[in-house]
Amino acid sequence: APAISAATLAATDWDEARLIFVPTFGLGTVRTNIGPIWSALAMDEAPPPVEILPQPVTMIIWRHEFSPRFRTIDDEERGAIAQMRGDATFGDLCNAAVARLGVEKGIEQAGLLLGRWLRDGMICEIKSSD
């Protein structure tokens, strides 16, 4: 499924918006430095030696157009993704962020996550909860 375009964003009621991630989106826990290894291999460079991480991390994987993408994420983003993949609206995500971080930081955090997800081509649809 193609990612949504910027043109579709203007008419969105963000309080009621439900973000739909592309069908290729997945997340899991990794315990090794697989991210730097994959990055090196993708750039035709020698990969670093395999290492066990001091703490497991969450990695998201998706396909943007015809290219596989991946990156590790922090607990904040993992929680936000869980909310969006559940039954939450973007307004719910903002309210939860405000409750944790305060008004200014909460709104900023939610906006940064939304911008990253859109820029990375992870969102294929925005539905209204109406």
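Provided above is the structure to which this section pertains.
In this text the structure is predicted, and so the values were computed from the model without any measurement.

Trainee: Is there a simple way to explain helix H3 (residues 90-101) in this structure?
Mentor: In an α-helix, one full turn covers 3.6 residues, which means residues spaced three or four apart are oriented alike. The first and last C-alpha atoms of H3 sit 16 Å apart over 12 residues, in line with the 16 Å expected at 1.5 Å per residue. The inward-facing, buried residues of H3 abut strand E1 (17-21), helix H2 (75-85) and helix H4 (103-119). Directly after H3, the chain includes Gly102, whose backbone phi takes a positive value near 95°.

Trainee: Just to check I follow, could you spell out the packing of aromatic side chains for this structure?
Mentor: Between two aromatic rings, the relevant description is the distance of the centres plus the angle of the planes. Following the criterion strictly, the structure yields four aromatic pairs and no others. Ring centres 5.0 Å apart and planes at 75° place the aromatic pair Trp38 and Phe70 in the edge-to-face group. Within this pair, whereas Trp38 is found in helix H1 (residues 34-42), its partner Phe70 is found in strand E4 (residues 67-73), the two being separated by 32 residues in sequence. Judged by its relative accessible area of 34%, Trp38 is partly exposed. For Phe70, a relative accessible area of 25% translates into the label partly exposed. Taken together through their ring pairs, the aromatic side chains of Phe21, Phe25 and Trp117 make up a single cluster.

What counts and how
Residues numbered from 1 in each chain as written. Predicted model: local features only at pLDDT ≥ 70, side-chain atom pairs only at ≥ 80, totals over all residues. Heavy atoms only, no water. Helix = DSSP H or I, 4+ residues; strand = E, 2+ residues; numbered from the N terminus. Expected span 1.5 Å × (residues − 1). Contact = heavy atoms within 4.5 Å. Phe/Tyr/Trp six-rings, centres within 6.5 Å; stacked < 30°, edge-to-face > 60°. Buried < 20%, exposed > 50% of the residue type's maximum accessible area, 1.4 Å probe, protein only.

What is shown is where atoms sit, not what they do.
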